[in-house]
Protein chains: 2
Amino acid sequence: MTGFGEFDLIRELLAPLSGEGAFGLTDDAAVLPKLKHGEAWTVTKDAMVEGVHFLPDSDASTLARKLLRVNLSDLASMGARPVGYFLSLSLSDRQGRAWLTAFCDGLALDQTEFAVALYGGDTTSTPGPLSLSLTAMGAVTRGAELRRNGARAGDTVCVSGPLGGAALGLRALTGALDPTGLPNAVRCYELPEPQIALGQALVGVATACADISDGLVADLGHIARQSGLGARISCKAIPVLPELADAMARDPSLAELPLNGGDDYELVFTLPPTVTPPPGATPIGTIVEGEGVEVLKDGRPLSLSEGGWRHF
Amino acid sequence: MTGFGEFDLIRELLAPLSGEGAFGLTDDAAVLPKLKHGEAWTVTKDAMVEGVHFLPDSDASTLARKLLRVNLSDLASMGARPVGYFLSLSLSDRQGRAWLTAFCDGLALDQTEFAVALYGGDTTSTPGPLSLSLTAMGAVTRGAELRRNGARAGDTVCVSGPLGGAALGLRALTGALDPTGLPNAVRCYELPEPQIALGQALVGVATACADISDGLVADLGHIARQSGLGARISCKAIPVLPELADAMARDPSLAELPLNGGDDYELVFTLPPTVTPPPGATPIGTIVEGEGVEVLKDGRPLSLSEGGWRHF
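No experiment lies behind these values; they were computed from the predicted model shown. (Residues numbered from 1 in each chain as written. Chains lettered and ligands numbered in written order. Predicted model: local features only at pLDDT ≥ 70, side-chain atom pairs only at ≥ 80, totals over all residues. Heavy atoms only, no water.)

Draft legend 1. Layout of empty space enclosed by the protein. This structure, assessed with the given rule, holds one cavity of 30 Å³ or more. In this structure, the largest cavity occupies an estimated 110 Å³ of space. In terms of lining residues, the largest cavity is bounded by 17 residues, among which S131(A), S133(A), S90(B), S131(B) and S133(B) are the most central. Mapped by element, the contributors of at least two residues to the lining of the largest cavity are β2 (39–49), β3 (81–91) and β5 (131–141) of chain A together with β2 (39–49), β3 (81–91) and β5 (131–141) of chain B. (1 Å grid on protein atoms, 1.4 Å probe; cavity = no way out; pocket = protein on both sides within 12 Å on 5 of 7 lines; lining within 4 Å. Points joined across faces, edges and corners; volume = space filled by probe spheres on them. Helix = DSSP H or I, 4+ residues; strand = E, 2+ residues; numbered from the N terminus.)

Below, the structure written as structure tokens:
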């Protein structure tokens, strides 16, 4: 980092990304902008560690965008309008000026795409792996935020898009599978699409909502448990990428990926039975009395080897 | 971590620390409480990495409190009333249940002391050093927050308490100095006192304010630069702990510690010349035309070997 220190990084690369109230990143803290009457701030914080959440030597721009997007996905699941974020970078000696420039270029791209700005954070060195932490903030109508605990028996369970693609993409990136013919799966893993517009459209409509980061069964399980109920879903109803459908036809062990692959960042949500699922969403099952998530394959309950990704 | 996983940690140790709007840490994001009319959220985010910001095998409870306090110090420097915080823990395999219990006990102690609650965050594993990141949130009267850029020529420069003690304490803890007779210095390093009450009392009174984390000269330098001015301070006027005064008498090289030792977490602020410094605060100099921070010793400008702690 010779000749390019902490204050250079802040002034040259980060300050241009900063929003009003961030004071050009020159002060001890930021002051958040004023919300509309009746709105509240919703806030989430997710960290990503090299070798745990992303592969060593990942492309810096893509990594920056994924870090932002996994946090925006949490805001989407609350039905929020994203506003801004705070960033902590713990940099090893392998992240120099070129890496930081690419990282900030990635942030700039997604700031435009998702209409958010940087409000603050800090940068430190680390003798360990590159570690990133982001706090994202959005606005919701107070009291109308999408929670996990509102599902009712008889509600329809829906997902916003194909699942398991990111887990397939990760297998391709790590060499466990031949990456040829899997560009969409790789893209699912590297650059998830937070369902911001859908989340906002579900406010006042969905009874419960979560984003799928740990895997469908785990995250739908959170909705079921928080709602004091169970869920029953049909394997066959779960949408998958054509690339994954092809791969599953060749290797049946991949059939678990849509259930517990994780890193999907689609939304899973519940609708009263009288409500038609919004365009693009797919009904995959029903909220039922009882507990847990029952997965039916050919009409019979399926046994899962694990409940989704968990850390330690 | 056998038998004590991520979800156990959240449910058993973190959820009891959570505030209203955090939904018991069971949802994707928190909703922040409503502020009073005319208030705004002020937010700061600081990370701490083992071996960089704290010594390996630091006491878990004390570490938790320091992490919270260094962030609360940033809120104090804005004149804010602290409300809550988000926490990211990246844990190595050396942090087990006992460590986590002690860590959360420390948080609980300081939550009571500073009237704040936990609103969310995440826990991950890391193959590297223990890494902590905290986002703290407080309330300020919108437009009245204490900035760094409001100092005027002729303003009095004040500090809120003795400086250099933390840097002396760190030398004792690392074995560079004999720790005998340095309990207060060690305490300064391990458990700084964020100047919350003073910060709020300075709203509408001080023209500029910053907390001293990088060292007095560096942080007063930020105020001077952001205000487009310079500062002139007197070495002799800077308050120091009796322990540091004794140590400086034995080893003159320690005379730099009050100037650029860092980790003090006292406030440096500027007052119009007509305003009397508040109780406990010490005037140490004046804001002047020009730029930079001039340190006078026995009436003559002093040359500094470095401008304070910087990362990489």
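Draft legend 2. Quick look at the sheet that holds strand β9 (residues 267–271) of chain A. All names here are of chain A. Spatially, the seven strands line up as an open sheet ordered β7-β9-β6-β10-β8-β11-β12, and their pairing is mixed. Two strands bound the open sheet, and with one partner strand each, they are β7 (208–211) and β12 (300–301). When strand β8 (residues 230–234) meets strand β10 (residues 282–288), the two strands line up antiparallel, connected through four bridges. The residue bridging R232 from the neighbouring strand is T286, located in β10. Against the sheet, helix α2 (residues 60–77) contacts β7 and β9, and its axis sits at roughly 175° relative to β7. (Pairing = 2+ DSSP bridges. Contact = heavy atoms within 4.5 Å. Axes fitted to C-alpha atoms, helices over the stretch in contact; angles between N-to-C directions.)

Draft legend 3. Layout of the relation of the copies chain A and chain B. By a simple turn and slide, chain A fits onto chain B: the slide is 0.0 Å along the axis, the RMSD is 0.0 Å, and the turn is 180°. These values place the two chain copies in the arrangement generated by a two-fold rotation axis. It is G128(A) whose C-alpha, among those of chain A, lies nearest the rotation axis, at 2.2 Å. When the interface residues of chain A are mapped onto chain B, 100% of them again fall at the interface, so both copies present the same face. (Least-squares fit on C-alpha atoms with pLDDT ≥ 70 in both.)

Draft legend 4. Examining the interface of chain A and chain B more closely. Taken together, the 65 residues of chain A in the interface contact 65 residues of chain B. For the pair chain A and chain B, the summed buried surface comes to about 5,100 Å²; carbon and sulfur atoms form 58% of the total. For the interface between chain A and chain B, the tally reads six salt bridges. Two residues, R147(B) and D27(A), come together in a salt bridge whose shortest N-O distance is 2.8 Å. At the boundary of chain A and chain B, one finds 31 residue pairs in polar contact (both at pLDDT 80 or more). With nine residues, β2(A) is the largest single contributor of residues to the side of chain A that touches chain B. (Buried area = accessible area lost by both parts, 1.4 Å probe. Salt bridge = Lys/Arg side-chain N within 4 Å of Asp/Glu carboxyl O. Polar contact = N/O pair within 3.5 Å; in protein donor to acceptor, adjacent residues only side chain to side chain.)

Draft legend 5. Expanded view of the packing of helix α4 (residues 165–173) of chain A against helix α5 (residues 183–190) of chain A. Residues and elements named next belong to chain A. Look at α4 against α5: their axes get within 7 Å of each other, and the N-to-C directions meet at 105°. Judged on the interaxial angle alone, α5 and α4 are roughly perpendicular. Here α4 contributes G165, A166, L168, G169, L170, A172 and L173 to the contact with α5, which in turn contributes A185, V186, C188, Y189 and E190. Residues belonging to the contact of α4 with α5 are distributed by class as follows: nine nonpolar, two polar and one charged. (Parallel < 35°, antiparallel > 145°, perpendicular 65-115°, else oblique. Nonpolar A, V, L, I, M, F, W, Y, C, P; charged D, E, K, R; others polar.)

Draft legend 6. Spotlight on the side chain of R65(B). All names here are of chain B. Inspection of the secondary structure puts R65 in helix α2 (residues 60–77). There is a polar contact of 3.1 Å between the side chain of R65 and the side chain of D110. Those residues in contact with R65 that sit more than four places away from it in its chain are G106, L109, D110 and L191.

Draft legend 7. Geometry of the packing of aromatic side chains. Following the criterion strictly, the structure yields four aromatic pairs over all chains and no others. Aromatic pair F86(A) and Y119(A): ring centres 6.4 Å apart, planes at 35°, arrangement tilted. Residue F86(A) is located in strand β3, and its partner Y119(A) is located in strand β4 (residues 117–125); the two are separated by 33 residues in the primary sequence. Considering the side-chain rings of W99(B) and F103(B), the 5.0 Å spacing of their centres and the 15° angle between planes classify their relative orientation as stacked. (Phe/Tyr/Trp six-rings, centres within 6.5 Å; stacked < 30°, edge-to-face > 60°.)

Draft legend 8. Spotlight on the pairing of β7(A). Residue and element names in this part refer to chain A. Of the two faces of β7, the one carrying A208 and A210 and the one carrying C209 and D211 are both buried. Here β7 pairs with β9 via four bridges, running antiparallel. Along β9, the bridge assignment pairs A208 with T270. (Buried < 20%, exposed > 50% of the residue type's maximum accessible area, 1.4 Å probe, protein only.)

Draft legend 9. Structural view of the packing of helix α1 (residues 6–14) of chain A against helix α3 (residues 97–114) of chain A. All names here are of chain A. Between α1 and α3, the shortest axis-to-axis distance is 11 Å and the interhelical angle comes to 40°. Here the hand of the crossing between α1 and α3 comes out right-handed. Across from L9, E12, L13 and L14 in α1, the residues of α3 making contact are R97, L100, T101 and C104. The class makeup of the residues in the contact of α1 with α3 is five nonpolar, one polar and two charged. (Left-handed = near helix turned anticlockwise from the far one by under 90°.)

Draft legend 10. Representation of the state of the cysteines within the structure. The final tally for this structure, using the stated rule, is zero disulfides over all chains. Not engaged in a disulfide, the cysteine C188(A) finds its nearest cysteine sulfur in C209(A); these two sulfurs lie 18 Å apart. (Disulfide = S-S within 2.5 Å.)

Draft legend 11. Local environment of the nonpolar core. Within the largest apolar cluster, 67 residues are counted, with the highest numbers of intra-cluster contacts made by Y85(A), L87(A), F103(A) and W41(B). With nine residues, α2(A) is the single largest residue contributor to this core. Apart from residues lying up to four places away in sequence, L87(A) is in contact with L14(A), L67(A), F103(A), L107(A), L118(A), G120(A), G121(A), D122(A), S133(A), L134(A) and K45(B). By size, the runner-up hydrophobic cluster in this structure holds 41 residues, among which are M48(B), A60(B), L107(B) and V116(B). (Core = buried A, V, L, I, M, F, W, Y, C linked by side-chain atoms within 4.5 Å.)

Draft legend 12. Fine view of the pairing of strand β10 (residues 282–288) of chain B. With four bridges joining them, strand β6 (residues 156–159) of chain B and β10(B) adopt antiparallel strand pairing. Counted as the bridge partner of V159(B) is T282(B) from β10(B).

Draft legend 13. Just helix α3 (residues 97–114) of chain B, in detail. Residue and element names in this part refer to chain B. Counted at 1.5 Å a residue, the expected span for α3 with its 18 residues is 26 Å, and the 26 Å between its end C-alpha atoms agrees. All buried positions along α3 are accounted for by W99, L100, F103, C104, G106, L107, D110, Q111 and F114. What you see down the axis of α3 is that its buried residues fit within an arc of 150°, all on one side. Exposed and oriented more than 90 degrees from the buried face of α3 are A98 and T112. (Expected span 1.5 Å × (residues − 1). Arc of directions from axis to C-beta.)

Draft legend 14. Representation of the sheet that holds β5(B) in the model. Taken in spatial order, the five strands line up as β1(A)-β2(B)-β5(B)-β3(B)-β4(B) in an open sheet, and their pairing is mixed. Two strands close off the open sheet at either side, each with one partner strand: β1 (30–31) of chain A together with β4 (117–125) of chain B. The sheet contacts of helix α1 (residues 6–14) of chain B involve β3 and β4 of chain B, and relative to β4(B) the element is tilted by about 155°. α2(B) contacts β2, β3 and β5 of chain B of the sheet and is inclined by roughly 140° relative to β2(B).

Draft legend 15. Molecular detail of unusual backbone geometry. Residues and elements named next belong to chain A. The backbone phi angle of L25 is positive, close to 60°, even though this residue is not glycine. Examined against the element boundaries, L25 turns out to sit in the loop between α1 and β1. A positive phi angle, close to 65°, is found at D57, a residue other than glycine. Take D57: it is sitting in the loop between β2 and α2.

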